[in-house]
Structure formats: C-alpha cells, structure tokens
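This is what each chain is made of:
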2 protein chains.
Amino acid sequence: MSSITWQTVQAEALRRIRTREWPPGSRIPDEAVLAAELGCARATVNRALRELAEAGLLERRRKAGTRVPLNPVRKATFEVPIIRQDIEGRGLVPGYRLLTRAVEPAPAALLASLPAGSLPPGAQLLRLRALHLAGDAPFCLEERWVNPLTAPGILVADLDGISANEWLVQNTSFTGGDIAFGATNADAETAAALDCPPGASLFVIDRMTRAGEALITSVRLSYAPGYQMQAVI
Amino acid sequence: MSSITWQTVQAEALRRIRTREWPPGSRIPDEAVLAAELGCARATVNRALRELAEAGLLERRRKAGTRVPLNPVRKATFEVPIIRQDIEGRGLVPGYRLLTRAVEPAPAALLASLPAGSLPPGAQLLRLRALHLAGDAPFCLEERWVNPLTAPGILVADLDGISANEWLVQNTSFTGGDIAFGATNADAETAAALDCPPGASLFVIDRMTRAGEALITSVRLSYAPGYQMQAVI
DNA sequence: AGAAATAATATGTATAGACATAATATCGCC
DNA sequence: GGCGATATTATGTCTATACATATTATTTCT
C-alpha cells in the first residue's frame, strides 16, 4: 500500500547516521519534517526513531529534539536460556544430578549481598548443589539458595529429576532481579564436581531473583572450562 | 484524559501472567477483546503486548493469537560501555597505555574464526596491545586487530593517548558484530601486564565488529581478576 | 539584572479506521 | 480419506488528528 514502513524509515535513519550525513553530536530534523520528506505519517517516523533511541543510537528529548550521541552506549541483548535448553542448543544430551540438599539458615555472605528486607531475620533457606551434564561431561555446577517463603512448595518438590531453576520458572513469579558475570579459579570441591584441574578458570554467573522486595532465589553457576556465552550487538 | 496508557495495559498483562490468571501455555484474549475490556484502543493494547513479546514474556503469531510461553526465554539487555566510561562509572580514574603496535598479516587463528569474505587474502592488519588502568591498577588488557581497509585513517591515527576503541567508535560505522564472554587462565605475558599471578582466572570478552561482510576489528579484552559485569533482567 | 511567570515547541501517546499479512480452518473435489 | 483451493481471523502496520508533557525560550515583574 503505502510501502513506507517504519522499517524503511529506520533503515534510512541508520544510513544517515552511518554515513555521517547526520554527524555525531548533531541534531536531526524534527519528526514532522522527516515525515513530510519521506512521505509518511509522523507516527511512523516516531516508531522508527523511538526504537533507535532505545538501542542507544539516538538521544531524544522533548522540545530539545533528537540528536546523534557523541558516545553511543551500545546495548547488547542476550538470552538467558534454561541450562537444559542451552545444552540442547549445543547439540548435546542434557543431564542433571542433584548432589546435596539441606535446609539451613542464610549464610552471612548471602545476607551481606542482599538489600535489607530481602529476607526476614533468621530465615531458613533451602540449599541445593546440583550438576548439569552435557552428554557424559560435567557442564555446570549450580549452587543455589531458595527462599521457601516466596517459593512455596519447593520444600516438597521433587528436585531429583528436574532442575530447581525449571521448577522455579514454572512455579513462581519473579518481578525483577540482577545478574553478574565473572570468572573465578576452581576450588578443590568445584574442580572435583566439574572434573577439571583445581585452579582452572571458570566462567561464573551470579544471579538473584526477587518477588517484590523479597528474595526468591540466589544462584551461582560455575561453568566447566571453555564455556562461552554468546550475544549479538 | 483517557488515563489508559500502554504502560497501564502492560502492567495489567504482566500481573495476569505473574498471578497465573493467564497460565503458561494458555492463549490470552485477542487484542480487540482486551481493548474493549480495558476501555482503550486496540493500538494501545498492541503496543503493550508487542513489547512483552519482544522481552520474551509472550509469544504472538498472526491468526494463532497470543500465548504465554511454557518456557519463557528471558532476554536481558546490558550496556556495552566504552572501557573508560566503565572505569569512571566505578568511581576510578581511567588511564590508558599503548604497549605494542605493529602491522602484520592476519594470523591463522583469527582467519579461522571469521566467516569467509571478511578479509581479502593476505590482508595486513594493525595489531595493538594496550592496557587500561583504573587509578594505578591494571584494569583490562586489550589485544586488538584492526582492518585498515574498513578503518581508513587508523594507520596514521594517534593511538598513544586515545583507546583504539574510542577512535573506531568515532571514525567508523559498523553494521553488526558479535560478542562472547568467557573465562581463561592468565598466561605469563597477560599476568605480567595485569600484575596478577600466572594462572589467575580472568574474565574475557571476545568481540568482533563488521561493516557489511568485512571485518573492522576483532578484540580480546582480558579483565583483571575480580572484575564483574552487571546486567538487569 | 535576576527571578518568576508565560509562551512556544518537539516528542510522547491515544484513537478510530483501514488495509496488509501470515497462519489456520474449512470446504470441495477426487 | 487425502489434497488443494478458499475463506477466515488475529496480529501487524499506516494514517490523520488530537491532546499531553517535558523542556526550552521569552517576557514580565521587581
């Protein structure tokens, strides 16, 4: 029909940014002007530019207009797959083994890393250690604390066959959380579990999820040496 | 006025997903139905649900309707800051030191990791090794290959005071790339540069950016022990 | 001059209506 | 029953218009 889609407009805007027809730091024409120039409605231009702004390629402010940032802060998006799906996606057969299971008071190290109010004083948490396998090889060691108050049913759930993460995804509703990536040298216990030399460099994900203010679960995933996590820019 | 914004609709949809009023696997009401129920236009519902689908919390297909996925693949977005800004954001004073600079043929290891056509046969690349400092402490070792064909001017650029990354961001236009995170044990040379024990576990980012098919730059960033990268879910 | 009130303006968003598109369901035919 | 053509349907998108909102520019007042 009109053949001018928001994708068309977006591509054209991208082209002008990349060719420096719109140089870094400069202000670009108003939506209304672009709409007239490109022959489409302002809403179409709006959608195109809004998405570019969300991606960090433009900066928009009411009344001040739209500018090409001098130092674009590019945003990358990555998917946080369930480990089983991650393994399957690599063409391997996923396995899961629960190593230890206990109910313990929250350790000081965990309490220190949480904002106040995440846990009631003296809270008892479910502590899990489990190993994810890819084929016959260890893939990832999971060390997890679960708050039974926000994950009711976890204490009686059968976690021998299903990963706690999958149980939580299906049975709780989190409203937020954060995630951090890092690296650490394998300690003796971890090395034994992952069947790698002590001191080997492991990719580590620390993840915390909340329901409102309250902690649902905190987990550290230590991946076997060589693991890489991919993302697109 | 109407007071029903797309954010309102989105929040309500999120609530229904979280409370399992819309259980995993189920199909949710059509846009038109929701619009009537909530008292807004279909376009408003569309924007709310579209964003949830982009975040992985809903699955939408024409004619088939909208469903709550059984296994939501949550997507997390993180910002890829310029290292200098990363250091400043941690409240430290950034520093930069160019260690070595040479023009060499592309090494086999790099060629192997690139798709065919990324580089002409026998291409000469600029090889850089540089150290980023936070205060007086080493922060990150940068090992980079730059393709002068897609980064014209790089061979005569003054890279002693400015990071090659910043030069590239300001002087080239990339159309895509990919990024991978991993961990590795510090080799002797890297350990010396980062002032850490050999074998220490380092967080590593491998990043490649392209202009169309052609390589612009490939870089490995090895962060000093203890570095963590944060993201929000 | 400096501060406070006011006007102007670009983006942000809502709406109703229309058509496009992809996927599914149904019908007719062999 | 199986297959292919056709109808149906939910989402995807564009348009024109209107009003909201944040921010900047201007004017007015002291």
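Just so it is clear, the structure is predicted and the values come from calculations on it, not from any experiment.

Caption draft 1: Fine view of the overall build of chain A. Within chain A, the regular secondary structure consists of 7 helices and 10 strands. A compact globule built from 233 residues should have a C-alpha radius of gyration of about 17 Å, whereas chain A, at 24 Å, is more than 25% larger. The buried share of chain A, reckoned over its 233 residues, is 48%. As displayed, chain A has an accessible area near 11200 Å², and 54% of this comes from carbon and sulfur atoms. With 25 positive and 24 negative side-chain charges, chain A shows a spacing of 11 Å between the two charge centroids.

Caption draft 2: Focus on the protein's contact with DNA strand C. Close to DNA strand C lie 26 residues; A:Arg60, B:Thr5, B:Trp6, B:Thr44 and B:Arg61 are nearest. B:Trp6 has a polar backbone atom sitting 2.6 Å from a phosphate oxygen of DNA strand C. B:Ala41 has a polar backbone atom sitting 2.8 Å from a phosphate oxygen of DNA strand C. Contributing elements (two or more residues each) for the surface near DNA strand C: α3 (42–54), β1 (59–61) and β2 (65–67) of chain A together with α1 (6–18) and α3 (42–54) of chain B. Among the elements that take part in the surface near DNA strand C, α3(B) stands out by supplying 4 residues, more than any other. When the residues that make up the surface near DNA strand C are grouped by side-chain class, the tally is 6 nonpolar, 7 polar and 13 charged.

Caption draft 3: Quick peek at a nonpolar patch on the surface. Together, A:Val103, A:Leu155 and A:Val156 make up a nonpolar patch on the protein surface, roughly 290 Å² of accessible area in all. Here A:Val156 shows up in the loop between β6 (137–146) and α6 (164–171).

Caption draft 4: Local environment of the domain arrangement of chain A. When its domains are assigned, chain A resolves into domain 1 (6–67) and domain 2 (83–223). Of note, the centres of domain 1 of chain A and domain 2 of chain A, computed from C-alpha atoms alone, are 43 Å apart.

Caption draft 5: Structural context of the protein's contact with DNA strand D. Lining the immediate environment of DNA strand D, one finds 27 residues, of which A:Thr5, A:Trp6, A:Thr44, A:Arg61 and B:Arg60 sit closest. In DNA strand D, the atoms that sit within 4 Å of the protein are 74% sugar and phosphate, with bases accounting for the remainder. Contact distances for DNA strand D include 3.4 Å between a phosphate oxygen and a side-chain N or O atom of A:Gln7. At 2.4 Å from a phosphate oxygen of DNA strand D is found a side-chain nitrogen or oxygen belonging to A:Arg61. When residues of the surface near DNA strand D are traced back to their parent elements, those giving at least two are α1 (6–18) and α3 of chain A together with α3, β1 (59–61) and β2 (65–67) of chain B. Among the elements that take part in the surface near DNA strand D, α3(A) stands out by supplying 4 residues, more than any other.

Caption draft 6: Spotlight on the relation of the copies chain B and chain A. For the pair chain B and chain A, the superposition axis carries a translation of 0.0 Å, the fit reaches an RMSD of 0.1 Å, and the rotation angle comes to 180 degrees. Look at the turn and shift together and you get a two-fold axis relating the two. Of all interface residues in chain B, 100% are interface residues in chain A too; the two copies therefore contact each other through one and the same surface.

Caption draft 7: The interface of chain B and chain A, seen in detail. Facing the 49 residues of chain B at the interface are 49 residues of chain A. Buried area between chain B and chain A, both sides added, is near 4300 Å², and the carbon and sulfur share of it is 50%. When the buried surface of chain B facing chain A is broken down by residue, B:Arg18, B:Phe181 and B:Ile233 rank first, second and third, together holding 14% of it. Linking chain B with chain A are 0 salt bridges, by the criterion used here.

Caption draft 8: Spatial organisation of the nonpolar core. In terms of nonpolar packing, the biggest core is built from 54 residues, with A:Phe203, B:Phe181 and B:Phe203 touching the most fellow members. Non-local contacts of A:Phe203, meaning those with residues more than four positions away in its chain, are made with A:Phe181, A:Gly182, A:Leu221, A:Ser222, A:Tyr223, A:Tyr227, A:Met229, B:Phe181, B:Gly182, B:Ala183 and B:Phe203. A:Trp22, A:Ala48, A:Leu57 and A:Val68 belong to the second-largest nonpolar core, a separate cluster that totals 16 residues.

Caption draft 9: The arrangement of the confidence of the model for chain A in detail. For chain A, per-residue confidence averages 92 on the pLDDT scale, and 99% of positions sit at 70 or higher. Across chain A, the element-wise mean pLDDT spans from 77 in strand β3 (residues 74–80) of chain A up to 97 in helix α7 (residues 188–194) of chain A.

Caption draft 10: Local environment of the packing of helix α2 (residues 31–38) of chain A against α3(A). All names here are of chain A. Running from N to C, α2 and α3 cross one another at 115 degrees; their axes reach a closest spacing of 8 Å. Overall, the two elements α2 and α3 adopt an arrangement that is roughly perpendicular. Considering how the two elements wind past one another, α2 and α3 form a crossing that is right-handed. Residues Glu31, Ala32, Leu34 and Ala35 of α2 form the contact with α3, whose participating residues are Arg42, Val45, Asn46 and Leu49. The residue makeup of the contact of α2 with α3, split by class, is 5 nonpolar, 1 polar and 2 charged.

Basis of the calculations
- Residues numbered from 1 in each chain as written.
- Chains lettered and ligands numbered in written order.
- Predicted model: local features only at pLDDT ≥ 70, side-chain atom pairs only at ≥ 80, totals over all residues.
- Heavy atoms only, no water.
- Helix = DSSP H or I, 4+ residues; strand = E, 2+ residues; numbered from the N terminus.
- Rg over C-alpha atoms; globule rule 2.2 N^0.38 Å.
- Buried < 20%, exposed > 50% of the residue type's maximum accessible area, 1.4 Å probe, protein only.
- Areas by Shrake-Rupley, 256 points an atom, 1.4 Å probe, with all protein chains shown as cover.
- Lys, Arg positive; Asp, Glu negative; His and termini not counted.
- Charge placed at Lys NZ, Arg CZ, Asp CG, Glu CD.
- Near = heavy atom within 4 Å.
- Polar contact = N/O pair within 3.5 Å; in protein donor to acceptor, adjacent residues only side chain to side chain.
- Nonpolar A, V, L, I, M, F, W, Y, C, P; charged D, E, K, R; others polar.
- Patch = residues over 30% accessible without salt bridge, like charges linked within 9 Å, V, L, I, M, F, W, Y side chains within 5 Å.
- Salt bridge = Lys/Arg side-chain N within 4 Å of Asp/Glu carboxyl O.
- Domains from an automatic or database assignment.
- Least-squares fit on C-alpha atoms with pLDDT ≥ 70 in both.
- Contact = heavy atoms within 4.5 Å.
- Buried area = accessible area lost by both parts, 1.4 Å probe.
- Core = buried A, V, L, I, M, F, W, Y, C linked by side-chain atoms within 4.5 Å.
- pLDDT = per-residue confidence, 0-100.
- Axes fitted to C-alpha atoms, helices over the stretch in contact; angles between N-to-C directions.
- Parallel < 35°, antiparallel > 145°, perpendicular 65-115°, else oblique.
- Left-handed = near helix turned anticlockwise from the far one by under 90°.

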